[in-house]
Amino acid sequence: MSSLAAPLILVAARARRRPGRWFLTVLGVALAVAFAGAVVAEGTTAGDQGARSVLAGLTPQDRAVRITWQGAVTPSVQRRARTVLRGLGLGRQTEVVLLQPVRLSGIVVQTAAIAPLAPWAGSHEAGVCRPRACPVVLVAGSVGARRALSAPGVRLVVGGTGTLRSAAPLGFASSTAAGRPPLLLSADVSGLSALPALDSVYRTHSWLAELPTSRLESWQLAGIEGRLQRAQAALIANGSQFTMTAPFSALDAARAQASAAPRRLLLAGGGALAVLAAFVVIAAGGLRRDQQADLERLLAAGARGRHCALFVLGEAASLCAVALLIGAGIAVAVTAVLAGAASVPVGGVLIHSLVTPEGAAVLVAGWLGATTLVALVLVAPGRPVADVLAVAAAASLALELGLGTDTGDQLAVLLAPMCCLAAGVLTFRAAAALLRGAERLSRRGPVMGRLALVSLARAPAAPSLAIAFIAISTGLGAFALAYRSTLVRSAADQAANRVPLDATISPAADFTTPLRAAPLMRWRQIAGGGGAVLPVRRTYATYASGPGTVTVPALGVPATGIALIHGWRASDGSASLPVLARRLTWPGPARGPGPRLPGAARSLWLGLAGRAVSVTVTADLRDSSGAVRQVAFHRARSPARALTALIPPGTWELEALQLDEPVGLAITSGHQNAENQAAATQASVRVTLGPLRALDGAGGSELAVPVGRWRAVGAAGAVSGGGRLGAAGGYGAAGGLGASGPGGPRPTLATIRFDESGQPGVLRPVQPSDSRPVPVLVDPQAAAAATRSGLIALTVDGLPMAARVVGVLRRFPTVPGNSARVVVADQATLDAALDAQLPGQGRPDELWIATSHPERLRVALGTAPLTQLGAAFRAGVEHRLRSAPVARAVLGILIAATALAGVLAALGLLVALVGTARDPRVEEDLKAMGVGPRGLRRELELRLLIAGVAGVGAGLAIGLVLTQLAVAAVRAAGTIAVPQPPLVAVAPWGTLALWALAALTALALASLVTTRTLAASRRAE
């Protein structure tokens, strides 16, 4: 047969006569197609779920598509707005008119109309609105007992009360209407708009409809957004008074989540695809000898080169076509199962993932690539093909290293399999020499082991191929495990960065702090005996840096609890957490207590001399919980220059005396300074305070307070040349001016200068922070702004504070940014330093809780008065990150890839070595040396076991090297957007050890089953 059709006829005849010879090659190609298709379909499914999760987080107000008209509404305007909403197919429309507040019957109220009203206000329709009687529903605020509100030309009749459940119509709901005038709703938009008495009231007309996000699929988002954009452009072109708002940003975020998911999963499954490609190579390579014999027979029968090439290509193309069709069918079936399990339309997933023009093009390209690969493996020399693969992988690695972080990270997931293939080629080239060396070393070992090594070393091609393939499979399986561990570690680190301990309790919406809602002892009871409750102060600090100032977050965290922080890395600070905690600890008490008022004391008596009219004095009393209560001094009946203040019931500590400028004088000074173009003026008042006594109910003295030994800070300072009170700002030496002179044992008078600057002045006992800077941990930029001795002047909450840098932080939990700008101090020390400048300023505003009973804490937060507090649990945050649709799908793909790599490693071992197991020359040599049937089986078992152990060992070494690419792989896949803190490579040693043991066990079982099967077939022959 000389026609070119003859080789194709021969291909068909061979396929009918010997279909099983291509089974493994077809299996490899079919599995690759099925796996890739399933990954793409799962990516589409996960993307759809991710898009749904984004849209599900929208409030009704955010979901609304709103058309607003500024000005008088005509019938044509109404028709235009309603037509646009109807054309978008969004369902029920709502028309709204909102008027500015007006005064009716002496009450300022706000009126609006919503049609229909019942779905939004939870009440019956109010009725038709007419000037004489306009029925309305009160949904927020109170109008007392009035049932009608009127003004000339309008009368609103309050027919009942309701609740505005959603903020979509008006922009606010009843629950968020605090501080607004009473809200009256009508159901008649046209009637309320037509009331003559309200013509002059500014109003806004709008028409809205909710976007049905719960029914949207990810592949519908682009069409929906396109229609919304076209409608917006048409409205603006029709009239400049039209505006249209829609959830464009949410739709963009949902589309980005959906479009990125398939690519992320393909990148995560790249290792399994590489293993499948290598399996196809090894399966086709096992047929090289048979294919060469067929080609020699064709040449002997008169075939030429073109006939042989057509024969090889035709056979490769036919088997790859069959394999691709089988793989595509499996992918469709798997897609149906996965989509059904995720409650996603199966048809939609297929149409938008596999059954697409792009999918057909990829299938054709895959057929051509698989055909070329199989044909090259069948006829090309093995070593050149391996060398080409090695050079390509090495060039890709050099490209990744040279492209830099951004582009290189995008290629890292694909480069890891390519580098593994290159390492596998090197293993293949080195295996023969290693086998020969092992054979020499085993000459004094057991006989059967030596015979197995001799058999492997005498014909090293097949064993080397098996060892290389097992190394590739094991290495990529180890890389998948490291990839997964890195992803899981990143989720745990992110959760710990948001919630440093087990739970974080934050203030309520009305700024009620956790310690105001319940005392610290109550929180410790909730946390349990083995837990810890850390009061945390969160504020801002400012310091000078170069020509300007820098403001950074400032945290006060108990130094004793810093070591409890989760997710801390050695690179996050200049020392370990215990060391940093010791450096922050203040030596001794952080605050010097003031005099404790006797229980019998009922009032405070204070002498005052100077321009007393320009100063008001307040006593700052501190209770046992640390809360500060201010008590104002008033003029006493006698003597004329004296002040008195009543002490409230309870146990109190006198923390300080606070001096302020009278309100009227402060307003006048501020007004003058605002109108004066010159520099602001500031007056100073010289005031002598004292003696200060605590009196009982009968006027008897219970306690004399030596205020002359106290320190003046803030707007209060020492009189020049008189006494040694601290200078303004609080950093001078302690001293006093007493009744018996500077050397008096108990000075009772303090003469100070008070600057009328609008800021308070404080006279209080000497505090430890007056003579010693507060130890702080700062970021590298703040550390560079400190002096050589570490001193840095901070302004915290507008108050000066001297600090000393005792450590450097590159990252700290709860502070945004991968390179944190932060100042951290011990909470008690920071609060004492702030209280020393302004009593009551240093109060914790959140709690970090470590507890072994999180459910108890959840239950407690569900009871009053803790229900309004914000709460976040680290375990919950980590669970949400790991259970996000795309992240969950990536973890599943990695597990499947690892399992597939293990199965293929066992198959590859058998494909490469079992074909040579029945070589008659080997059997004859062994029988001539006296080896019996049991010895033959034992020798084959050892041969397979040696190849498996060598392959697993090489694969683990390759996997450990590839672990360093796991960070770039996770970043490229983007399963966690902008991870904070930065990713770190994780080598899961325990998991890798289990993976190696499982691989060896699988290979041993496969070897045992194979040798037993071969032994049975020999006996049958």
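As the structure is a prediction and not an experimental result, all values here were calculated from the model.

Draft legend 1. How the structure looks around the overall build of the protein. Looking only at helices and strands, one finds 30 helices and 31 strands in the protein. Split by element, the accessible area of the protein, about 45700 Å² in all, is 61% carbon and sulfur.

Draft legend 2. Main features of the side chain of D831. The residue D831 is located in helix 23 (residues 827-837) in this model. Of the buried charged residues, D831 lacks a salt bridge, with R537 as the closest side chain of opposite charge at 4.3 Å. Only 2.4 Å separates the side chain of D831 from the side chain of Q827, close enough to count as a polar contact. Contact partners of D831, with chain neighbours within four places excluded, come to R537, G842, R843 and P844.

Draft legend 3. A look at the environment of V275. In this fold, V275 is placed in helix 9 (residues 270-285). It is 9.5 Å that separates the C-alpha atoms of V275 and C420, two residues lying 145 residues apart in sequence. For V275, the residues in contact, after removing those within four places along its chain, are F469, I472, S473, L476, A901 and L904.

Draft legend 4. Spotlight on the pattern of salt bridges. For the coordinates displayed, the defined rule picks out 21 salt bridges. When the shortest N-O distance is used, the salt bridge between R52 and E217 registers 2.8 Å. A residue pair is termed long-range when its members are at least 10 positions apart, and R52 in helix 2 (residues 23-56) and E217 in the loop between strand 9 (203-210) and helix 7 (221-238) qualify at 165 residues. A relative accessible area of 25% places R52 in the partly exposed class. Linking E210 and R63 is a salt bridge whose minimum nitrogen-to-oxygen distance equals 3.3 Å. Of this pair, E210 sits in strand 9 while R63 sits in helix 3 (residues 60-63), and the two are 147 residues apart along the sequence.

Draft legend 5. Summary view of the sheet that holds strand 16 (residues 628-632). Here we have 5 strands laid out as an open sheet, ordered 16-15-19-25-22, and antiparallel in their pairing. Either end of the sheet is taken by a strand with one partner, and the two such strands are strand 16 and strand 22 (711-714). Between one strand axis and the next, the sheet turns through 25 degrees on average, direction left out of account. The pairing of strand 22 with strand 25 (residues 761-764) spans 4 bridges and is classified as antiparallel. Across the sheet, A712 pairs through a bridge with L763, a residue of strand 25. Contacts between helix 23 and the sheet are confined to strand 15 (616-622), strand 19 (653-660), strand 22 and strand 25, with strand 25 contributing the most and set at about 110 degrees to the helix.

Draft legend 6. Fine view of the packing of aromatic side chains. If you walk through the whole model with that rule in mind, you get 4 aromatic pairs. Aromatic side chains F279 and F469 sit 6.0 Å apart centroid to centroid with 50 degrees between the ring planes, which places their arrangement in the tilted category. Highlighted residues: F279 in helix 9 and F469 in helix 17 (residues 461-498), separated in sequence by 190 residues. Like F469, F279 is buried. A ring pair is formed by W568 and F812, whose centres lie 6.3 Å apart and whose planes are at 70 degrees; its orientation type is edge-to-face. Placement of the pair is W568 in the loop between strand 13 (548-556) and helix 20 (577-584) and F812 in the loop between strand 28 (799-808) and strand 29 (823-825), with a sequence separation of 244 residues. A cation over a ring is seen here: R772 above W586, with NZ or CZ 5.7 Å from the ring centre. The ring of F873 carries the charged tip of R858 above its face, separated from the ring centre by 3.9 Å.

Draft legend 7. Looking closely at the state of the cysteines. Within this structure, the stated rule accounts for 1 disulfide. Put simply, C129 and C134 are joined by a disulfide, and their sulfur atoms are 1.9 Å apart. Sign of the S-S torsion, about -110 degrees for the bond between C129 and C134, identifies this disulfide as left-handed. Judged on exposure class, the residue C129 and its partner C134 are both buried.

Draft legend 8. Main features of the environment of A872. Residue placement: A872 occurs in strand 31 (residues 870-873). Relative accessible area serves as the criterion here: at 26%, A872 is assigned to the partly exposed category. Between the alpha carbons of A872 and I505 there is a distance of 6.7 Å; along the sequence they are 367 residues apart.

Draft legend 9. Layout of helix 4 (residues 75-87). Here helix 4 is 13 residues long and its end C-alpha atoms lie 18 Å apart, about the 18 Å a rise of 1.5 Å per residue gives. Restricting attention to buried positions, one finds in helix 4 the residues V77, Q78, A81, V84 and L85. In an axial view of helix 4, the angular spread of the buried residues amounts to 135 degrees, which keeps them on one side of the axis. For helix 4, the exposed residues set more than 90 degrees away from the buried face come down to P75, R79, R86 and G87. Downstream of helix 4 by one or two residues, G89 has phi in the positive range, about 65 degrees.

Draft legend 10. Highlighting the nonpolar core. Formed by 35 residues in total, the largest nonpolar core has its most connected members in F35, L265, F469, L476, V890, L904 and L962. Those elements giving two or more residues to this core turn out to be helix 2, helix 8 (248-268), helix 9, helix 15 (405-441), helix 17, helix 26 (885-917) and helix 28 (933-962). Among the nonpolar cores identified, the runner-up in size contains 33 residues, and L604, A645, W710 and I752 belong to it.

Draft legend 11. Fine view of the packing of helix 9 against helix 13 (residues 357-379). Direction vectors running N to C along helix 9 and helix 13 enclose 40 degrees, while the axes themselves pass 9 Å from each other. The angle between helix 9 and helix 13 falls in the class oblique. Of the two elements, helix 9 crosses helix 13, and the hand of that crossing is right-handed. Contacts between helix 9 and helix 13 involve A277, V280, V281, A284 and G285 on the former and, on the latter, L373, V374, V377 and L378. The residue makeup of the contact of helix 9 with helix 13, split by class, is 8 nonpolar, 1 polar and no charged.

Draft legend 12. View of the side chain of E42. Its location among the elements puts E42 in helix 2. Buried E42, no salt bridge; nearest opposite-charge side chain is R888, N-O distance 6.5 Å. Dropping the residues within four chain positions of it, E42 is found in contact with L265, L338 and A889.

Draft legend 13. Representation of the packing of helix 2 against helix 9 in the model. Close contact between helix 2 and helix 9 brings their axes to 8 Å; oriented N to C, the two are set at 165 degrees. As summarised for this structure, helix 2 and helix 9 are arranged roughly antiparallel, according to the angle between their axes. For the pair helix 2 and helix 9, the crossing hand works out as left-handed. The segment helix 2 lies against helix 9, with L24, T25, G28, V29, L31, A32, F35 and A36 engaging A272, L273, L276, F279, V280, A283 and A284. Counted by class, the contact of helix 2 with helix 9 contains 13 nonpolar, 2 polar and no charged residues.

Draft legend 14. Highlighting a nonpolar patch on the surface. Taken together, the side chains of V322, I326, I330, V334 and L338 make up a nonpolar region of the molecular surface, amounting to roughly 340 Å² of accessible area. In this structure, V322 sits in helix 11 (residues 305-341). Given a relative accessible area of 44%, V322 falls into the partly exposed group.

Draft legend 15. Quick look at the pairing of strand 2 (residues 94-99). Of all the 6 residues making up strand 2, 6 are buried; the element is thus mostly covered by neighbouring parts of the structure. A two-sided burial pattern is seen for strand 2, the buried positions comprising T94, V96 and L98 on one face and E95, V97 and L99 on the other. In the sheet, strand 2 pairs with strand 4 (residues 107-115) via 4 bridges, with the strands oriented antiparallel. Counterpart to E95 in the pairing with strand 4 is A115.

Draft legend 16. Geometry of the confidence of the model for the protein. Residue-level pLDDT values for the protein average 81, and 85% of them are 70 or greater. Contacts for the low-pLDDT stretch residues 400-410, under 50 throughout, to residues beyond four places or in other chains number 10 contacts. For residues 721-745, every residue scores under 50 in pLDDT, and the model assigns this stretch 64 contacts once sequence neighbours within four places are set aside.

About the thresholds
Residues numbered from 1 in each chain as written. Predicted model: local features only at pLDDT ≥ 70, side-chain atom pairs only at ≥ 80, totals over all residues. Heavy atoms only, no water. Helix = DSSP H or I, 4+ residues; strand = E, 2+ residues; numbered from the N terminus. Areas by Shrake-Rupley, 256 points an atom, 1.4 Å probe, with all protein chains shown as cover. Buried < 20%, exposed > 50% of the residue type's maximum accessible area, 1.4 Å probe, protein only. Lys, Arg positive; Asp, Glu negative; His and termini not counted. Salt bridge = Lys/Arg side-chain N within 4 Å of Asp/Glu carboxyl O. Polar contact = N/O pair within 3.5 Å; in protein donor to acceptor, adjacent residues only side chain to side chain. Contact = heavy atoms within 4.5 Å. Pairing = 2+ DSSP bridges. Axes fitted to C-alpha atoms, helices over the stretch in contact; angles between N-to-C directions. Phe/Tyr/Trp six-rings, centres within 6.5 Å; stacked < 30°, edge-to-face > 60°. Lys NZ or Arg CZ within 6 Å of the ring centre and 35° of its normal. Disulfide = S-S within 2.5 Å. Expected span 1.5 Å × (residues − 1). Arc of directions from axis to C-beta. Core = buried A, V, L, I, M, F, W, Y, C linked by side-chain atoms within 4.5 Å. Parallel < 35°, antiparallel > 145°, perpendicular 65-115°, else oblique. Left-handed = near helix turned anticlockwise from the far one by under 90°. Nonpolar A, V, L, I, M, F, W, Y, C, P; charged D, E, K, R; others polar. Patch = residues over 30% accessible without salt bridge, like charges linked within 9 Å, V, L, I, M, F, W, Y side chains within 5 Å. pLDDT = per-residue confidence, 0-100.

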